[in-house]
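Breakdown of the fold
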Amino acid sequence: MDLSLDDTQQLVRNSARDFLAESVDRLYVRDMEDDERGYTDEFWKSVAELGWTGMIVPEQHGGAGMSLIELSLVLEEMGAAAAPGPFFSTAVVGAHAISAHGNDDQKSKYLPRLVSGELITSLAILEGGASWEAGGIRMSARRSEDGWRLNGEKVFVADAGVADLFIVAARTGENGPPEESITLFLVEASTIENNKMERLESVADDRYYVVDFQDVVVPPDGVLGEVDGGWPLLKQTLDLAAVAKCAEMVGGSRRAVDMTLEYVKERVQFGRPIGTFQAVQHRAAEMATDLEIARQFTYRAAWALSEGKGDGTEVATAKAFLSEKFSEICASAHQLHGAIGYTQEHDLQIYSRRAASAKVAFGDARHHREVLAELMGL
Amino acid sequence: MRYEFTAEEEAFRAELLEWIENEVPEDLRGIGRAASDEEWENELRVRRQLADKGWLTLAWPTEYGGQGAPMMQQVIFNEEMVYHRIPGREPFGTRMLAPTLMVHGTEEQRRKYLPPIARGEVQWCQGYSEPDSGSDLASLQMRAVDDGDDFVVNGSKIWTSLAHRADWIFFLVRTDPDAPKHRGISFLLAPMDTPGISVEPIINMAGHHSFNQVFFEDVRVPKENLVGELNRGWYVAATLLDFERSGVDYPAQARRTLDDLIEYAHSTLGADGEPLSKDPDIRRKFVELSIETDAARSIAYEVADMQAHGEIPNKEASMSKTLGTKLVQDVYGFGVDLLGMYGQLRPGSPRAVLEGRMLDMQLTTVAFTIFAGTTEIQKNIIATRGLGLPRG
Ligand SMILES: Cc1cc2nc3c(=O)[nH]c(=O)nc-3n(C[C@H](O)[C@H](O)[C@H](O)COP(=O)(O)OP(=O)(O)OC[C@H]3O[C@@H](n4cnc5c(N)ncnc54)[C@H](O)[C@@H]3O)c2cc1C
């Protein structure tokens, strides 16, 4: 047991802090909420230059070959800064899906461009029922003379508006359990007509879209992994994404706690700082305790996935806990800020809105609690 | 970063488990509360076995006859002892007084007191709290007056666990009533059979005799029994409290209890004819408590990891105590609920389920959020010492 960061990891964290302190301020975050694409070319270029897009991409494809632990350190800082953009879709989901499940051709075709920032990816799996289970995937993929034809609608497709490549899950077999009849496809954005996309308006101004795939043609080499063998691969990517999301949430929680501590030391009522009141102190102590647990759960899960250890408990525990606690920490932060934190002008609301979005991404608390119940033999 | 035990650490666990399997018969295993005379005999028997293995003093430095074991080995030891309900560990001598003497004691005191503690031969008790001084410990009033070679002590201590079993007591007294309250306290040691010391039992709400009131009437304590400097006893005591607070015992106890309850829920049918473990409400509660257990354990590990890296945990130790004690209350409370009508049956009652342990421990653990610094005091510490909020 050794919970400390090594030198490289400390370096990664510090450089992430430095860069984000300089390039993502509150004005940028606000501007980008109203921006069509949600990020600037300059930001994206810098992120790629820092090597972050390729953090978990193997070195032979131009990446840094690091693990989810290092990526989580960056994501924690991104979450703290509330940095917007397609980083998660690309550097977490796309980078993992292609690196872990792609064949050599697919890797050499897409990964170098992903690392250099030229290729943005997007995950298209959820459908009408928005279930994270295999049974929720109904979109059909049928063989045709030119490869495959996809038909069906996907919702909550993140960053679809700027994506160059979609990772799409569809059913290739109608008989048998869904877990054994799902195939993953790499679908180039150029094959989908633009008018088949509609942006959703969501609490955190995420770039979520409905994408209607109508007779979209995917060539035979667009299959990611094996035909009918997509679900276990997708599960791996979803697990990794859940932990990565937790890392972002740890960062957001940390900011909410820090903002609150600063505020209660300064704000004076009844002739003294409100931080001297015990009701305030105990609430702060509870927030700090939850943050500490959140951090431990998240890095333990990141470690487990990086090392191929654990049985899923670590992932489900982290996401079940964070899904509730990030929001609770924000709620306490609001309470201790009084009316000022209720304003749009104040930064706190940015984090509460992110919490509302993150808690349901890659499985909500209920979903992960059920995973745990199964693992506990219940 | 490594969220698992090393091969050596696991080897130690294996050795420990083998020992438990072979050397501690089922009927010696209990909750370790040592309430009855029989339980107390078990306690002492296993304690001597532990002493023979050197495990009673696992964490002590080798220069004092300990094993100098790394922090994580100590964690594993505590976890397995608690999980398997092995009696025999002894907090007052090995975990509180001994480390204090190592820091503040004279060479002579160490030579005199440490070896018998290590051999498991002497029982200590802790005389801190007084009727009018609980959380505000520094307000304590028990007087010790300088009289030649001795101090003469008058007053009383209360809630003194195991005073009725103890051979010796370490305690705090006021030696300078005119100084500011933290600066007039001294730390003394005395045999319990010193003339003038008497013990009155107090029965707790679980029906057990585990703590007492201890009265001191013109008790003569030789000056050589003063630990640390005169009037600096508060600071001597503070070292000890830091030691007392850390701990993985609570989550280990909770995990064991959850495992027992899961087995029960599998084998017991509800009104609908389905096992209780299929009931959505019950499943949810199990998972929530399991996460809570994991949380308390993670923070306890963090405390140990900080100590292993030479850092001094303070807010983390308080977090660990707060989380762990609430956890065990929640787990036993759930256990009692899960047993329905049978939840109210005491240990030993006809038809008692799971030996009546859920109820007994639900009553017993009411004290957990109170002793060793209440939850409110721990949160004060987290907020002020840990988060830097201004004191009121
Ligand atoms: C089972 C058991 C065993 C014990 N064993 C020993 C022993 O062996 N030796 C020994 O010396 N003592 C022992 N104690 C005593 C224990 O240390 C005290 O009970 C504890 O310190 C609390 O003191 P109190 O009971 O006087 O409560 P009080 O201090 O009177 O507290 C009452 C309530 O007021 C709250 N409160 C007090 N001050 C504050 C504050 N500043 N801010 C917010 N809330 C506050 C407390 O949190 C609590 O909720 C034991 C207690 C128990 C229950």
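Computed from a predicted model, the values in this text were never measured in an experiment.

Reading the values: rules and limits
Residues numbered from 1 in each chain as written. Chains lettered and ligands numbered in written order. Predicted model: local features only at pLDDT ≥ 70, side-chain atom pairs only at ≥ 80, totals over all residues. Heavy atoms only, no water. 1 Å grid on protein atoms, 1.4 Å probe; cavity = no way out; pocket = protein on both sides within 12 Å on 5 of 7 lines; lining within 4 Å. Points joined across faces, edges and corners; volume = space filled by probe spheres on them. Helix = DSSP H or I, 4+ residues; strand = E, 2+ residues; numbered from the N terminus. Contact = heavy atoms within 4.5 Å. Buried area = accessible area lost by both parts, 1.4 Å probe. Salt bridge = Lys/Arg side-chain N within 4 Å of Asp/Glu carboxyl O. Polar contact = N/O pair within 3.5 Å; in protein donor to acceptor, adjacent residues only side chain to side chain. Nonpolar A, V, L, I, M, F, W, Y, C, P; charged D, E, K, R; others polar. Axes fitted to C-alpha atoms, helices over the stretch in contact; angles between N-to-C directions. Parallel < 35°, antiparallel > 145°, perpendicular 65-115°, else oblique. Domains from an automatic or database assignment. Buried < 20%, exposed > 50% of the residue type's maximum accessible area, 1.4 Å probe, protein only. Arc of directions from axis to C-beta. Near = heavy atom within 4 Å. Areas by Shrake-Rupley, 256 points an atom, 1.4 Å probe, with all protein chains shown as cover. Patch = residues over 30% accessible without salt bridge, like charges linked within 9 Å, V, L, I, M, F, W, Y side chains within 5 Å. Lys, Arg positive; Asp, Glu negative; His and termini not counted. Charge placed at Lys NZ, Arg CZ, Asp CG, Glu CD.

On to the layout of surface pockets. Residue and element names in this part refer to chain A. Taken as a whole, the second largest pocket holds about 1,000 Å³ of empty space. Surrounding the second largest pocket, 47 residues form its lining, D206, Y208, K245, S357 and A361 being those nearest its centre. Mapped onto the lining of the second largest pocket, the elements with two or more residues apiece are helix 2 (26-34), helix 4 (68-81), helix 5 (87-101), strand 3 (147-158), helix 7 (230-266) and helix 10 (348-358). Top element by residues in the lining of the second largest pocket is helix 10. It accounts for five residues.

The subject of this paragraph is the interface of chain A and chain B. On the chain B side, the residues contacting the 41 residues of chain A number 42 residues. Across the chain A to chain B interface the summed buried area is about 4,000 Å²; carbon plus sulfur atoms make up 66%. Remark: the boundary between chain A and chain B carries five salt bridges. Linking chain A to chain B there are 21 residue pairs in polar contact (both at pLDDT 80 or more). The leading source of residues in the side of chain A that touches chain B is helix 8 (residues 278-307) of chain A, at 15 residues. Of the residues that constitute the side of chain A that touches chain B, the class distribution is 20 nonpolar, eleven polar and ten charged.

The next point concerns the packing of helix 3 (residues 71-83) of chain B against helix 8 (residues 280-308) of chain B. All names here are of chain B. Between helix 3 and helix 8, the least distance of the axes is 9 Å, while the angle of their chain directions is 150°. In terms of orientation, helix 3 and helix 8 fall into the roughly antiparallel class. Contact with helix 3, carried on its side by M71, M72, V75 and E79, involves R297, Y301, A304, D305, Q307 and A308 of helix 8 and no other residues of that element. Taken together, the residues of the contact of helix 3 with helix 8 break down into six nonpolar, one polar and three charged.

Look at helix 8 of chain A against helix 8 of chain B: their axes get within 9 Å of each other, and the N-to-C directions meet at 90°. Compared by their axis directions, helix 8 of chain A and helix 8 of chain B come out roughly perpendicular. Contact residues: E292, I293, Q296, F297 and R300 of chain A in helix 8 of chain A; I291, D294, A295, R297, S298, I299 and E302 of chain B in helix 8 of chain B. When the residues that make up the contact of helix 8 of chain A with helix 8 of chain B are grouped by side-chain class, the tally is five nonpolar, two polar and five charged.

Turning next to the domain arrangement of chain B. Residues and elements named next belong to chain B. By the assigned domains, chain B splits into domain 1 (7-89), domain 2 (125-231) and domain 3 (246-386). The C-alpha centroid of domain 3 is placed 21 Å from the C-alpha centroid of domain 1. Overall, the association of domain 1 and domain 3 removes approximately 1,400 Å² of surface from exposure, summing both partners, and the carbon and sulfur fraction of that is 60%. Broken down residue by residue, the surface that domain 1 buries against domain 3 is led by E79, Y83 and R85, which jointly contribute 42%. Taken together, the connections running from domain 1 to domain 3 amount to two salt bridges. Summed over the shared surface of domain 1 and domain 3, the number is five residue pairs in polar contact (both at pLDDT 80 or more).

For the rest of this paragraph, the subject is unusual backbone geometry. Residues and elements named next belong to chain A. Phi angles above zero are rare outside glycine, and A130 is one such case at about 50°. For A130, a relative accessible area of 31% corresponds to the partly exposed category. Positioned with a positive phi, D215 is a non-glycine residue whose angle comes to about 55°. Within the secondary structure, D215 is located in strand 7 (residues 208-218).

Time to look at the side chain of N204 of chain B. All names here are of chain B. Tracing the backbone shows N204 in the loop between strand 6 (197-203) and strand 7 (209-222). Here A206 takes part through its backbone nitrogen, which lies 2.9 Å from a polar atom of the side chain of N204. The residues contacting N204, other than those within four sequence positions of it, are S210 and F211.

Okay, helix 3 (residues 41-49) of chain A next. Residues and elements named next belong to chain A. Within helix 3, the full set of buried residues consists of F43, W44, V47 and A48. One side of helix 3 holds all its buried residues, which, seen down the axis, span an arc of 130°. Exposed side chains of helix 3 directed beyond 90 degrees from the buried face belong to D41, E42, K45 and E49. Check the buried side of helix 3 and you find it contacts helix 1 (7-23), helix 2, helix 5 and helix 6 (104-116). Backbone geometry just downstream of helix 3 places G51 in the positive-phi region, at approximately 85°.

Residue and element names in this part refer to chain A. Structurally, chain A comprises domain 1 (7-118), domain 2 (123-228) and domain 3 (232-375). If you look at the interface, domain 2 gives 14 residues, while domain 3 gives 13 residues. Both sides together, the interface formed by domain 2 and domain 3 hides about 1,100 Å², and carbon and sulfur atoms give 69% of it. Contact with domain 3 buries surface across domain 2, with W132, V203 and A204 losing the most and accounting together for 50% of the total. Linking domain 2 with domain 3 are one salt bridge, by the criterion used here. Two residues, D205 and R353, come together in a salt bridge whose shortest N-O distance is 3.4 Å. Here the side of domain 2 that touches domain 3 is built from residues that sort into nine nonpolar, one polar and four charged.

Here the focus is the pattern of salt bridges. Across all of its chains, the model carries 48 salt bridges over all chains by this definition. Here R300 of chain A ties to D294 of chain B by a salt bridge, and the two come within 2.6 Å at their closest N and O atoms. Residue R300 of chain A is found in helix 8, and its partner D294 of chain B is found in helix 8; the two belong to separate chains. Each member of the pair R300 of chain A and D294 of chain B is classed as buried. E324 of chain A serves as the salt-bridge partner of R369 of chain A, at 3.1 Å between the closest nitrogen and oxygen. One end of the pair, R369 of chain A, is in helix 11 (residues 365-375); the other, E324 of chain A, is in helix 9 (residues 313-337), with 45 residues separating them in the sequence. The class of R369 of chain A is buried, set by a relative accessible area of 9%.

Further remarks concern the site of the ligand. Taken together, 18 residues sit near the ligand, with Q278 of chain A together with S135, W159, T374 and E376 of chain B positioned nearest. The environment of the ligand is shared, with nearby residues belonging to chains A and B. Burial of the ligand by the surrounding chains reaches 66%, relative to a free accessible area of 960 Å². A total of three residues in the shell around the ligand trace back to one element, the largest contributor, which is helix 11 (residues 375-386) of chain B. Looking at the shell around the ligand residue by residue, the classes come out as eight nonpolar, nine polar and one charged. Residue contributions to the shell around the ligand reach at least three from each of two domains, namely domain 2 (125-231) and domain 3 (246-386) of chain B.

Quick look at a negative patch on the surface now. Residue and element names in this part refer to chain A. A cluster of acidic residues, E133, E179, E180 and D228, forms a negative patch at the surface. Relative to the assigned elements, E179 resides in the loop between strand 4 (165-171) and strand 5 (182-188). A residue is classified by how much of its surface remains accessible, and E179, at 37% relative accessible area, is partly exposed.

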